[in-house]
Amino acid sequence: MHSLLQLAAATAIQTSLTEWLPADPSQTLLRTEYASFVRAGGGGALDRDGGAEHLTASCFVFTPDLRQVLLCFHRKGQFWVQLGGHIESADLSVAAAALREAREEGGIAELRSLGDAPIDVHRHALSSRFGHCTTHWDVGFAAIAPAEAIPVTSSESEEVAWWPTDALPDNVPSGFGDRLAVVLRELEHRRND
């Protein structure tokens, strides 16, 4: 049985996904699939022990000018990627999970969330290095770090570092540069609304 917090978080993210009007048409289609996945799975859609496919929460952390993004070198994946991970039973929402993960993995406590609305959705299959997880239905959020923030590597990452948004490292997941471009367009779209 899923906790009341998980059920509340599932209801909240389903509402957020339904109300979100992404700037990118491909995100609109995927957003609809996500809302259906959460509706069908309830709290189990957020529980990493509830099945091989589940939601995860990630956070794109930027400098105030949006010219740099904080990436971690993922221990299991062996690639550079945004901060994030599984939703814990104590997380009040998927957005809260994303911010918690960003603070834990990046070592910067003073992050300022850019809201509780998703900034992107990205579903991806996982290799056997990820254990029983076969597919992550990742929900991305965004945050800003203070200009002088210095990241600190955690036990979950081999390294964390700032990277120019237009000069990412070579070893990022396939399509990551395109995903980041969509995130930046979404942030620009929100700023202009």
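Cut-offs applied
- Residues numbered from 1 in each chain as written.
- Predicted model: local features only at pLDDT ≥ 70, side-chain atom pairs only at ≥ 80, totals over all residues.
- Heavy atoms only, no water.
- Buried < 20%, exposed > 50% of the residue type's maximum accessible area, 1.4 Å probe, protein only.
- Helix = DSSP H or I, 4+ residues; strand = E, 2+ residues; numbered from the N terminus.
- Pairing = 2+ DSSP bridges.
- Axes fitted to C-alpha atoms, helices over the stretch in contact; angles between N-to-C directions.
- Parallel < 35°, antiparallel > 145°, perpendicular 65-115°, else oblique.
- Left-handed = near helix turned anticlockwise from the far one by under 90°.
- Contact = heavy atoms within 4.5 Å.
- Salt bridge = Lys/Arg side-chain N within 4 Å of Asp/Glu carboxyl O.

What's the story with the pairing of strand E7 (residues 135-144) in this structure? I'm lost.
The side chains of a regular strand alternate, first on one face of the sheet and then on the other. Counting buried residues along E7, 10 of its 10 residues qualify, which places the element largely inside the surrounding structure. Where strand E1 (residues 53-62) and E7 come together, 10 bridges link them in parallel fashion. Directly across from Val61, in E7, lies its bridge partner Ala143. Both strand E5 (residues 112-113) and E7 contribute to a ladder of 2 bridges, which runs antiparallel. By the bridge assignment for E7, Arg112 is matched with Ile144. Note: strand E6 (residues 120-125) against E7, 6 bridges, orientation antiparallel. Residue Ala125 lies in a different strand from E7, and its bridge partner there is Thr135.

Would you explain unusual backbone geometry in this entry?
Backbone geometry follows two general trends: most residues other than glycine have a negative phi, and most peptide bonds adopt the trans configuration. Although it is not a glycine, Leu66 sits at a positive phi angle of roughly 65°. Here Leu66 lies in the loop between E1 and strand E2 (68-74). Residue Leu66 is classed as buried on the basis of its relative accessible area, which comes to 15%.

Can you walk me through the packing of helix H1 (residues 4-19) against helix H2 (residues 25-41) in this structure?
Between H1 and H2, the least distance of the axes is 9 Å, while the angle of their chain directions is 155°. Comparing the axis directions of H1 and H2 gives the class roughly antiparallel. H1 and H2 meet at a crossing whose hand is left-handed. Contacts between H1 and H2 involve Ala10, Ile13, Gln14, Leu17 and Thr18 from the former and Arg31, Tyr34, Ala35, Val38 and Arg39 from the latter.

Where do I start with the pattern of salt bridges in this structure?
Here the idea is simple: oppositely charged side chains can pair when their charged atoms come close. Scanning the model with the defined rule gives 9 salt bridges in all. The partner of Arg185 in a salt bridge is Asp24, and the shortest N-O contact between them spans 3.5 Å. Taken together, the positions of Arg185 in helix H4 (residues 176-192) and Asp24 in the loop between H1 and H2 put the pair 161 residues apart, joining distant regions of the chain. Among the residues examined, Arg185 registers a relative accessible area of 46% and is labelled partly exposed. Given the relative accessible area of 15%, Asp24 is considered buried. For the salt bridge of Arg179 with Asp120, the shortest nitrogen-to-oxygen distance reads 2.5 Å. Here Arg179 is found in helix H4, whereas its partner Asp120 is found in strand E6, with 59 residues between them in sequence. Judged by its relative accessible area of 1%, Asp120 is buried. Through salt bridges with shared partners, a single ionic network connects Asp91, Arg100, Glu101 and Glu104.

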